[in-house]
Amino acid sequence: MDSPMCLVKNADGELCVEPEAIDYLMGLKQKVVVVSVVGLYRTGKSYLMNKLAQKRSGFALGATIQSKTKGIWMWCVPHPEQTDHTLVLLDTEGLGDVEKGDSKNDAWIFSLAILLSSTLVYNSRGTIDNDAVEKLQYVNDLTEMIKVKSSTVDEEEGEGTQFAQFFPNFVWTVRDFTLKLEIDGREITPDDYLENSLQLKTGTSKKINDYNFPRECIRNFFPSRKCFVFPSPTTPDNMHRLDSMDEAELSERFREVADTFCRFIFQESCMKTVIGGHTLTGEMLGHLVNTYVETIAKGNVPCLENAVLAMAKIENQAAVNEGLVVYQKGMEDVKVLFPVDVNQLSENHLRSETQATKAFMKRSFKDKDGEFLKALAEAIVNHSDDLFKQNKDASEKKCKALLEKLSAQMDQGMKEGTYATPGGYELYCNHHDNIVAQYRAEPNKGVRAEEVLEQFLKDKSTESNSILQADKQLTENEKQIQAEKKKTAELEQEKAAFREQQAEMERTIENNRISQEKYLKEMKEKMEEERKQQQQEFNRTLERRMHEQKDLLEKGHKEKAELMRQEILEIKKRDELERETNTQNQKVLMELLNQQAVGQKEQMEMLMRELINRSQTPGQVVERFVPQPSCIVM
């Protein structure tokens, strides 16, 4: 992307997505790291984003008291340090713009920045004093602006405590900082300065509660916090031309802090994830933007869980389509060779099916009931059925054409009466046997070679018998011997056709067994991968909460530390319950799959018995049957 584009338009207080920007995200298949910057208008947010984009210009800077950025603007650039990743920079409309005067609108902009980001940069000027903290008023209302889960009223009370698990890392950048980083004569770091500014006061008065509340929100919602303090980049007289100044003209200390800030963002900002720890691509981020903005436009509160489920449904359907395309492409090479034998077709089928399933598993997530994996299995079955039929038809066409070509001379002899003479039957048999020999010598006839030959011999049976009976050179006894010989040959051919069908059925059964084992293996690996993602997500949340509790104890806030301890116990309890539920669901799933495997095996054995029984009935031809893979239900 050469320059930023508007992602979310803010027109007259109404938010809507820009289709062009969404289309760009939809075409972005790489994993994304999303960094948003929020803050009061005219505090230099856009300069930071241009710096992160490693460009001198891009996001509008402006040099007047008017806010330049409206809505949310996006700039997608290659990640400087992570290959095959895209850095998505979101520059938001300045909060508190006097020309707009709509705090509700500001709150939605702030909420969207949180929902879409993996790192949230809050930009302010001067110092982090009580006024600066209070201006970050939007964190106070986040529980009313965002829902984690689509829960009942009884469950909503503790929902705010879950925010930390899903919210982005928080970076506070303080611009035009002029104070010394000291406390009681002791030099401190910018991080110490931030934490000191967020310290809670002891007491229960309204004044103290009002003081503590925004700080508690920041501490609870954003347990991972970082701070950078920037001196003024240049003299006040030069600020109006900041966007056109060379880097060398800027304050050396300012440049040092800016470089440190960029390195931190590049190295420490994580890929964007959603509930369950699943990492997002640009396309998936586009789905999220659509869902959140549409929800807000309808006057509803965005829900993380609902948005992820809606995105999962879209992504899983796309995973089905992608898996089917992988299968179809994998079968193209063998398709051009039709007809081929059943082993060659089956090997290509299994290989392509494996590649298709892996492609599906790589992209899909939260397909808990297996609806979409089942859809892929059914789509592959339908396509493979068609391919097997095409191969069968190609074999039949080739074999019939070959026999027609080989028997043309004999058919002409029948018309001319060549065999209607004494000794004609022996001549006919010689020609007939020669046709069969040449037919058998022809390679690559496919899966219907014996069946077509069987039908050919049956079609010629009446003709052969007529010639036999009319041949005056043969005695009645010789005619009977020749008839028995012909009947034996026909029975042998029936057996050959049966063996051909039996081999095809056996290979189909083996294909089904391999597919079943493959599905089980892929599903177990997918479940384990999602379990690890969820566990890592839980461990990060728990570690941050325990660190927060320790800090409260050290600062003498025993009551709040006790509340935090209870919250940690609740988090552990909730995690244990979720793990037990997941384990039980997996157990039920595996039992169901095993039952399906047993049922399918019994079905195949029954079909094989039916094939054998029909083969023992003269004149019966068993149609090829391709059993469908078992329906996978997760």
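Provided above is the structure to which this section pertains.
Remember, it's a predicted structure, so these values are computed and weren't measured experimentally.

### Things to note about the overall build of the protein chain
Thought 1: Broken down by element type, the protein chain carries 18 helices and 10 strands.
Thought 2: Accessible area of the protein chain: about 31700 Å², with a carbon and sulfur share of 49%.

### Examining the pairing of strand β6 (residues 119–125)
Along any regular strand the residues' side chains alternate between the sheet's two faces.
Thought 1: Counting buried positions along β6 gives six out of seven residues, so the element sits mostly inside the fold.
Thought 2: Looking at chain direction, strand β3 (residues 31–39) and β6 are connected through five bridges and run parallel. Bridge assignment links Val-38 to a residue of β6, and that residue is Tyr-122.
Thought 3: Where β6 lies against strand β7 (residues 169–175), seven bridges are found, and the strand directions are parallel.

### Looking at unusual backbone geometry
Thought 1: For the bond from Phe-338 to Pro-339, the omega torsion is 5 degrees, close enough to zero to count as cis.
Thought 2: Tracing the sequence through the fold places Pro-339 in the loop between α11 (304–335) and α12 (342–363).
Thought 3: Residues other than glycine seldom take positive phi values, yet Asp-176 does so here, at roughly 55 degrees.
Thought 4: Mapped onto the elements of the fold, Asp-176 is located in the loop between β7 and β8 (182–183).
Thought 5: With a relative accessible area of 23%, Asp-176 lands in the partly exposed category.
Thought 6: In this model, Asn-444 sits at a positive phi of 55 degrees, which is unusual for a non-glycine residue.
Thought 7: Here Asn-444 falls in the exposed class, since its relative accessible area comes to 58%.

### So, the nonpolar core
Thought 1: In this structure, Leu-7, Met-74, Phe-110, Leu-142, Ile-146 and Trp-172 are the most contacted members of the largest nonpolar core, which totals 72 residues.
Thought 2: Here this core gets nine residues from one element, more than from any other, and that element is helix α3 (residues 103–116).
Thought 3: If we ignore the near neighbours within four places in the chain, the residues touching Phe-110 are Val-38, Leu-95, Leu-120, Leu-136, Tyr-138, Val-139 and Leu-142.
Thought 4: By size, the runner-up hydrophobic cluster in this structure holds 26 residues, among which are Val-33, Ala-53, Phe-230 and Phe-261.

### Re the packing of aromatic side chains
Thought 1: With the rule as written, the count across this model stands at 13 aromatic pairs.
Thought 2: Arranged with centres 6.2 Å apart and planes meeting at 90 degrees, the rings of Phe-170 and Trp-172 form a pair that is edge-to-face.
Thought 3: Classification of Phe-170 by relative accessible area gives buried; the value is 1%.
Thought 4: Measuring from ring centre to ring centre gives 5.5 Å for Phe-228 and Phe-261, while their planes differ by 85 degrees; the resulting arrangement is edge-to-face.

### Regarding the pattern of salt bridges
Thought 1: Applying the stated criterion across every chain yields a total of 24 salt bridges.
Thought 2: A salt bridge links Glu-18 to Lys-9, with the nearest nitrogen and oxygen atoms 3.9 Å apart.
Thought 3: On the accessibility criterion, Lys-9 (35% relative accessible area) is partly exposed.
Thought 4: A salt bridge links Arg-363 to Glu-315, with the nearest nitrogen and oxygen atoms 2.9 Å apart. Of this pair, Arg-363 sits in helix α12 while Glu-315 sits in helix α11, and the two are 48 residues apart along the sequence. Note on accessibility: Arg-363 and Glu-315 belong to one class, buried.
Thought 5: Within this structure, Lys-29, Glu-283, Glu-315, Glu-322 and Arg-363 form a network of salt bridges that share partners.

### Some remarks on helix α1 (residues 19–26)
Thought 1: For α1, the complete set of buried residues consists of Ala-21, Ile-22 and Leu-25. The buried side chains of α1 occupy one side of the element, clustering within an arc of 100 degrees when seen end-on. More than 90 degrees from the buried face of α1, the exposed residues found are Pro-19, Glu-20 and Asp-23.
Thought 2: Each element contacted by the buried residues of α1 is listed here: β1 (5–11), β2 (14–17), β4 (72–78) and α10 (282–297).

### Quick notes on the pairing of strand β10 (residues 225–229)
Thought 1: With respect to burial, β10 is a largely interior element, four of its five residues being buried.
Thought 2: Relative to β10, β7 runs parallel, the two sharing five bridges. Across the sheet, Val-171 pairs through a bridge with Lys-226, a residue of β10.

### Here's the deal with helix α7 (residues 190–197)
Thought 1: Residues of α7 that are buried include every one of Tyr-193, Leu-194 and Ser-197, and no others. End-on view of α7: buried residues confined to an arc of 95 degrees, all on one side of the axis.
Thought 2: In the core, the buried residues of α7 are packed alongside α4 (130–135), β7, α8 (206–221) and β10.

### As for the sheet that holds β4
Thought 1: Pairing in this open sheet of eight strands is mixed, and the strands run β2-β1-β4-β5-β3-β6-β7-β10 from one edge to the other. Both outer strands of the open sheet, β2 and β10, are each paired with one neighbouring strand and no more. Strand-to-strand twist in this sheet, taken as the mean axis angle between neighbours without regard to direction, amounts to 20 degrees.
Thought 2: Against the sheet, α10 touches β1, β2, β3 and β5 (85–92), its axis set at about 155 degrees to β2.

### Brief notes about the state of the cysteines
Thought 1: As enumerated under the stated definition, the model contains zero disulfides in all.
Thought 2: Free cysteine: Cys-16, not disulfide-bonded; nearest cysteine sulfur from Cys-6 at 7.9 Å.

### Thoughts on the side chain of Thr-92
Thought 1: Among the structural elements, Thr-92 can be located in strand β5.
Thought 2: Note on Thr-92: relative accessible area 1%, which makes it buried.
Thought 3: A distance of 2.7 Å separates the side chain of Thr-92 from the backbone oxygen of Val-37, its partner in a polar contact.

### As for the packing of helix α2 (residues 45–52) against helix α9 (residues 252–268)
Thought 1: Two numbers describe how α2 lies on α9: the axes approach to 10 Å, and their chain directions differ by 65 degrees. The two elements α2 and α9 cross, and the hand of that crossing is right-handed. Between α2 and α9, the contacting residues are Tyr-47, Leu-48, Lys-51 and Leu-52 on the first element and Phe-254, Ala-258, Asp-259, Phe-261, Cys-262, Ile-265 and Phe-266 on the second.
Thought 2: Within the contact of α2 with α9, the residues separate by chemical class into nine nonpolar, no polar and two charged.

### Regarding the environment of Thr-235
Thought 1: Along the polypeptide, Thr-235 turns up in the loop between β10 and α9.
Thought 2: As a C-alpha pair, Thr-235 and Leu-250 span 15 residues in sequence and 9.1 Å in three-dimensional space.

### Section: the packing of α11 against helix α13 (residues 371–406)
Thought 1: Across the interface, α11 lies against α13 with an axial gap of 9 Å and an inter-helix angle of 20 degrees. One finds that α11 runs roughly parallel with respect to α13. Relative to α13, α11 is oriented so that their crossing is right-handed. Where α11 abuts α13, its residues Lys-313, Asn-316, Gln-317, Val-320, Gly-323, Leu-324, Tyr-327, Gln-328, Met-331 and Lys-335 lie against Phe-372, Ala-375, Leu-376, Ala-379, Ile-380, His-383, Ser-384, Leu-387 and Gln-390.
Thought 2: Looking at side-chain class alone, the contact of α11 with α13 contains 10 nonpolar, seven polar and two charged residues.

Conventions used here
Residues numbered from 1 in each chain as written. Predicted model: local features only at pLDDT ≥ 70, side-chain atom pairs only at ≥ 80, totals over all residues. Heavy atoms only, no water. Helix = DSSP H or I, 4+ residues; strand = E, 2+ residues; numbered from the N terminus. Areas by Shrake-Rupley, 256 points an atom, 1.4 Å probe, with all protein chains shown as cover. Buried < 20%, exposed > 50% of the residue type's maximum accessible area, 1.4 Å probe, protein only. Pairing = 2+ DSSP bridges. Core = buried A, V, L, I, M, F, W, Y, C linked by side-chain atoms within 4.5 Å. Contact = heavy atoms within 4.5 Å. Phe/Tyr/Trp six-rings, centres within 6.5 Å; stacked < 30°, edge-to-face > 60°. Salt bridge = Lys/Arg side-chain N within 4 Å of Asp/Glu carboxyl O. Arc of directions from axis to C-beta. Axes fitted to C-alpha atoms, helices over the stretch in contact; angles between N-to-C directions. Disulfide = S-S within 2.5 Å. Polar contact = N/O pair within 3.5 Å; in protein donor to acceptor, adjacent residues only side chain to side chain. Left-handed = near helix turned anticlockwise from the far one by under 90°. Nonpolar A, V, L, I, M, F, W, Y, C, P; charged D, E, K, R; others polar. Parallel < 35°, antiparallel > 145°, perpendicular 65-115°, else oblique.

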